[in-house]
Amino acid sequence: MTLFAGKSKRHASWPRARIEEALRGAFTSVLVIGEDVSHTIYDVADRAFRFVVALVHEDGVKAGVSEVGFLARFVGFRPSDRVLRQLNGELHLAAAFIEEGELYVLAKVAVQGKFADQKFALILGAWKRDMSFVLEAVQREPPSPDRGHADFSETLGFDPGEIGRRTGAFCAAYFWRNEPKVVCDACSGRGKGGLLARECATCDGAGFVEALR
Ligand SMILES: [Zn+2]
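All values derive from a computational prediction rather than experimental measurement. (Residues numbered from 1 in each chain as written. Predicted model: local features only at pLDDT ≥ 70, side-chain atom pairs only at ≥ 80, totals over all residues.)

> Explain the overall build of the protein here, please?
When helices and strands are counted, the protein shows five helices and 10 strands. With 213 residues in all, the protein has 33% of them scored as buried. Intrachain contacts of the protein at a sequence separation of at least 6 include 61% that bridge at least 24 residues. (Helix = DSSP H or I, 4+ residues; strand = E, 2+ residues; numbered from the N terminus. Buried ≥ 20, exposed ≤ 12 C-beta atoms within 10 Å, placed from the backbone. Contact = placed C-beta atoms within 7 Å.)

> Help me understand the packing of helix H2 (residues 81-90) against helix H3 (residues 117-140), please; the structure alone is not making it clear to me.
Each pair of packed helices gets described by two things: the angle between the helix axes and the distance between those axes. Running from N to C, H2 and H3 cross one another at 165°; their axes reach a closest spacing of 10 Å. Considered as vectors, H2 and H3 are oriented roughly antiparallel to each other. Considering how the two elements wind past one another, H2 and H3 form a crossing that is right-handed. Here Val83, Leu87 and Glu90 of H2 lie close against H3, whose contacting residues are Phe133, Val134, Ala137 and Arg140. In the contact of H2 with H3, the residues fall into five nonpolar, no polar and two charged. (Axes fitted to C-alpha atoms, helices over the stretch in contact; angles between N-to-C directions. Parallel < 35°, antiparallel > 145°, perpendicular 65-115°, else oblique. Left-handed = near helix turned anticlockwise from the far one by under 90°. Nonpolar A, V, L, I, M, F, W, Y, C, P; charged D, E, K, R; others polar.)

> Would you explain the environment of isoleucine 98 in this entry?
In this structure, isoleucine 98 sits in strand S5 (residues 95-99). A sequence separation of 19 residues divides isoleucine 98 from proline 79, and the C-alpha atoms of the two residues are 8.6 Å apart. Not counting residues up to four positions away in its chain, the partners in contact with isoleucine 98 are Arg78, Leu84 and Leu103.

> What's the story with the nonpolar core in this structure? I'm lost.
The nonpolar side chains of soluble globular proteins are, as a tendency, buried together. By size, the foremost hydrophobic cluster in this structure holds 50 residues, and its most contacted members are Phe51, Val53, Ala54, Val68, Ala94 and Trp127. When residues of this core are traced back to their parent elements, those giving at least two are strand S2 (39-45), strand S3 (50-56), strand S4 (67-74), strand S6 (102-110), H3 and helix H5 (167-174). Top contributing element to this core by residue count: H3, with nine residues. Ignoring sequence-local partners within four residues, the contact set of valine 53 consists of Leu23, Tyr42, Val44, Val68, Gly69 and Phe70. (Core = buried A, V, L, I, M, F, W, Y, C linked by C-beta atoms within 7 Å.)

> Sorry if this is basic, but what is going on with the pairing of strand S1 (residues 29-35) here?
Along any regular strand, the residues point their side chains to alternate faces of the sheet. Strand direction decides the pairing type here: S1 and S2, joined by six bridges, are antiparallel. The residue bridging valine 32 from the neighbouring strand is tyrosine 42, located in S2. Two successive antiparallel strands, S1 and S2, enclose a turn made up of three residues. (Pairing = 2+ DSSP bridges.)

> Would you explain the pairing of S3 in this entry?
Counted residue by residue, S3 has seven buried out of seven residues, so it is predominantly covered. Residues Arg50, Val52, Ala54 and Val56 point to one face of S3 and Phe51, Val53 and Leu55 to the other, with burial holding for every one of them. Direction of pairing for S2 relative to S3: antiparallel, over a ladder of seven bridges. The partner of isoleucine 41 across the bridge, within S3, is alanine 54. Here S2 folds back onto S3 in antiparallel fashion, the turn holding four residues. Relative to S4, S3 runs antiparallel, the two being bridged by five bridges. Counterpart to valine 56 in the pairing with S4 is glutamate 67.

As structure tokens, then:
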């Protein structure tokens, strides 16, 4: 029985069109760069940074979206272990890590219940907040000496053509290394609650918790 205990939680799905609409409302540019039966991948640009959003269609595209992933890669930045540890302590939704000398920031959320604009806005807000902490951290440290001055709009380092050709493989390589998180039930993602707005004890103020599978 325990094998299937978490399975019922996984059947929530959100319409791709609504997510896309919300992304377009929140960022300056949103382009589909990869699609297959289980994923849609977007190249998303904001004023300050670029990143990739991956939607997972667990039961096919028509059935909707079961997970949303965000991934940014900062080419030419390699924060020290101390800065990386400090940064991970500040991030609410995402995790920052170094792989093959590059800095990656990854967030994954499993959808719950019915789609609502404010639910998705909460997730986007957490990602944007985390990204601002990352930008602050990388600006605290000079870029690698071989790189010189780095421009964030050119630091993403993913080739959209490559992602398009290998959508599933790209997701397998980058997104699915982490378990997804979910919005904290106890505080509805606000990170605090009660009359004194104390930090939520369930999620330690992050607003997100590990999904139970
Ligand atoms: Zn909470």
